[in-house]
Amino acid sequence: ALSLKESLKESLNLHQKGGDTARKQKKTAVNPGTWHGVAGMREVKALLERDVILPLRNPELYKRFKVNLPNGVLLYGPPGCGKTFIARKLSGILKVDFLETKPSDLASIYVHGGQKRIRALFDSAKEHSPALLFLDELDALVPDRAGQNLGHHYKSEVNEFLVQLNDCLKNRILV
């Protein structure tokens, strides 16, 4: 799979080759139901079309061949490479609500307070289903449970995330 970082480099190279003509083009309204406005990233868009959009639009075909529908997608790359932008576009193409969260939204000073907020987050996604739940900075939200310096309440939060993720497809939530 091609990372978003590599796709971004490809996109920037294409934009630079276009020179001034790219800047002279008239700005048009961006259709949220298409990839319009996403420069380059051909491989990422093709991968999302094949592995996410097509299966979610034709679930009966995939069930017939006993192929599991996706529960989620992991986008990775450095800050500013377009992960959130791609996720927003994906929600527009799928015509579902876009819900975004970051680590500070789920932080709590109370033991098990984070678990409660995680459950509330997924409950909110259920209320807005079908929905795309974008978890920004997932590595900060869900640290490695095997880590030596990880407190018990953090391990409980990771467990809560995993429990909630199990039911996403059933609840029409894409993470």
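## With respect to a nonpolar patch on the surface
Taken together, the side chains of L61, F65 and V67 define a hydrophobic patch exposed on the protein surface, amounting to about 270 Å² of accessible area. Along the chain, L61 turns up in helix α4 (residues 59–64).

## Remarks on the packing of aromatic side chains
In the structure shown here, the tally under the stated rule is two aromatic pairs. Geometrically, the ring pair formed by F98 and F134 is stacked, given 5.9 Å between the ring centres and 25° between the ring planes. You can see F98 sitting in strand β1 (residues 97–101) and its partner F134 sitting in strand β2 (residues 131–135), a full 36 residues away along the chain. You can call F134 buried: its relative accessible area is 9%. Geometrically, the ring pair formed by F122 and F161 is edge-to-face, given 6.0 Å between the ring centres and 85° between the ring planes. Pair noted here: F122 is in helix α7 (residues 113–127) and F161 is in helix α9 (residues 152–166), with a separation of 39 residues, a long-range link. By relative accessible area, which is 1% here, F122 ends up buried. By relative accessible area, F161 is classed as buried at 1%.

## What to know about the confidence of the model for the chain
Residues at a pLDDT of 70 or more form 76% of the chain, whose mean pLDDT is 79. Below a pLDDT of 50 lies the segment residues 10–29, which in the model reaches eleven contacts outside its immediate sequence neighbourhood of four places, other chains included.

## Topic: the pairing of β2
Counting buried residues in β2 gives five out of five residues, a clear majority hidden from the surface. The alternating pattern of β2 places A131, L133 and L135 and L132 and F134 on opposite faces, both of which are buried. Pairing of β1 with β2, which is carried by five bridges, proceeds in the parallel orientation. When the sheet's bridge partners are listed, L99 is paired in β2 with L133. The sheet contact formed by β2 and strand β3 (residues 173–174) spans two bridges and is parallel. Looking at β3, one finds that L132 is bridged to L174.

What counts and how
- Residues numbered from 1 in each chain as written.
- Predicted model: local features only at pLDDT ≥ 70, side-chain atom pairs only at ≥ 80, totals over all residues.
- Heavy atoms only, no water.
- Patch = residues over 30% accessible without salt bridge, like charges linked within 9 Å, V, L, I, M, F, W, Y side chains within 5 Å.
- Areas by Shrake-Rupley, 256 points an atom, 1.4 Å probe, with all protein chains shown as cover.
- Salt bridge = Lys/Arg side-chain N within 4 Å of Asp/Glu carboxyl O.
- Helix = DSSP H or I, 4+ residues; strand = E, 2+ residues; numbered from the N terminus.
- Phe/Tyr/Trp six-rings, centres within 6.5 Å; stacked < 30°, edge-to-face > 60°.
- Buried < 20%, exposed > 50% of the residue type's maximum accessible area, 1.4 Å probe, protein only.
- pLDDT = per-residue confidence, 0-100.
- Contact = heavy atoms within 4.5 Å.
- Pairing = 2+ DSSP bridges.

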